[in-house]
Amino acid sequence: MVFGHVLFGTIAVIGVLLLEVGFYREFNRLNMIQKLGIFLTIFGLIATTALGVFVAGNFLAGSVVAAIGVVLLGVLIRPVFGTEKTK
């Protein structure tokens, strides 16, 4: 059971990273529902991972995971707030 949880969790993390890379340049063109869907998916997975690490008792690793999640979300939404807008 633990092996399956780790395996599928790793697959989910890889999927979220690919989702972010795939939509990085196109994020401005999406409507608000699509943006929120991608944002909440990434946020939820990173938050779940960080919480799991915190609960396991490793505060430093949980902080690193949370910081990486904040950076990833910042990189994703940065073009939305940038001066360069796409049509």
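Refer to the structure above for everything that follows.
Residues numbered from 1 in each chain as written. Predicted model: local features only at pLDDT ≥ 70, side-chain atom pairs only at ≥ 80, totals over all residues. Heavy atoms only, no water.

K.L.:
Would you take a moment to explain the overall build of the protein chain for this structure?
P.N.:
Summing up its helical and strand segments, the protein chain has three helices and zero strands in all. N-terminal to C-terminal, the α/β element order of the protein chain is α-α-α. Long-range pairs, those at least 24 residues apart, make up 63% of the contacts in the protein chain between residues at least 6 apart in sequence. Total accessible area on the protein chain stands at roughly 6300 Å², and carbon and sulfur atoms take up 77% of it. (Helix = DSSP H or I, 4+ residues; strand = E, 2+ residues; numbered from the N terminus. Contact = heavy atoms within 4.5 Å. Areas by Shrake-Rupley, 256 points an atom, 1.4 Å probe, with all protein chains shown as cover.)

K.L.:
Looking at this structure, I do not really get the pattern of salt bridges. What am I missing?
P.N.:
One side chain can pair with another of opposite charge once the charged atoms of both are near each other. Scanning the model with the defined rule gives one salt bridge in all. For the salt bridge of Glu26 with Arg29, the shortest nitrogen-to-oxygen distance reads 3.1 Å. (Salt bridge = Lys/Arg side-chain N within 4 Å of Asp/Glu carboxyl O.)

K.L.:
Which parts of the structure should I look at to understand helix H2 (residues 32-55)?
P.N.:
With 24 residues, H2 extends 33 Å from end C-alpha to end C-alpha; this agrees with the ideal 34 Å at 1.5 Å per step. For H2, the complete set of buried residues consists of Lys35, Ile38, Ile42, Leu45, Ile46 and Ala50. (Expected span 1.5 Å × (residues − 1). Buried < 20%, exposed > 50% of the residue type's maximum accessible area, 1.4 Å probe, protein only.)

K.L.:
What is the right way to look at a nonpolar patch on the surface in this model?
P.N.:
Together, Phe3, Leu7, Phe8 and Ile11 line one region of the surface with nonpolar side chains, adding up to about 470 Å² of accessible area. In this fold, Ile11 is placed in helix H1 (residues 2-23). (Patch = residues over 30% accessible without salt bridge, like charges linked within 9 Å, V, L, I, M, F, W, Y side chains within 5 Å.)

K.L.:
It is not clear to me how the packing of aromatic side chains should be interpreted in this structure. Could you clarify?
P.N.:
Ring pairs (aromatic) are described by centroid distance and by the angle formed between their planes. Summed over all chains, the structure comprises two aromatic pairs. On the basis of an interplanar angle of 0° and a centroid distance of 6.5 Å, the ring pair of Phe39 and Phe43 is categorised as stacked. One end of the pair, Phe39, and the other, Phe43, are both in helix H2, four residues apart, so they sit about a helical turn from each other. With relative accessibility at 25%, the residue Phe39 sits in the partly exposed group. Aromatic pair Phe54 and Phe59: ring centres 5.4 Å apart, planes at 40°, arrangement tilted. Under the relative-accessibility criterion, Phe54 is labelled partly exposed at 33%. (Phe/Tyr/Trp six-rings, centres within 6.5 Å; stacked < 30°, edge-to-face > 60°.)

K.L.:
Hey, could you run me through the nonpolar core in this one?
P.N.:
A general trend in soluble globular proteins is that nonpolar side chains are found buried together. Grouped together as the largest cluster of nonpolar side chains are 12 residues: Val16, Phe27, Leu30, Ile38, Ile42, Leu45, Ile46, Ala50, Val65, Leu72, Leu73 and Leu76. Elements with a minimum of two residues in this core: H2 and helix H3 (59-81). Residue contributions to this core peak at five residues, all from H2. (Core = buried A, V, L, I, M, F, W, Y, C linked by side-chain atoms within 4.5 Å.)

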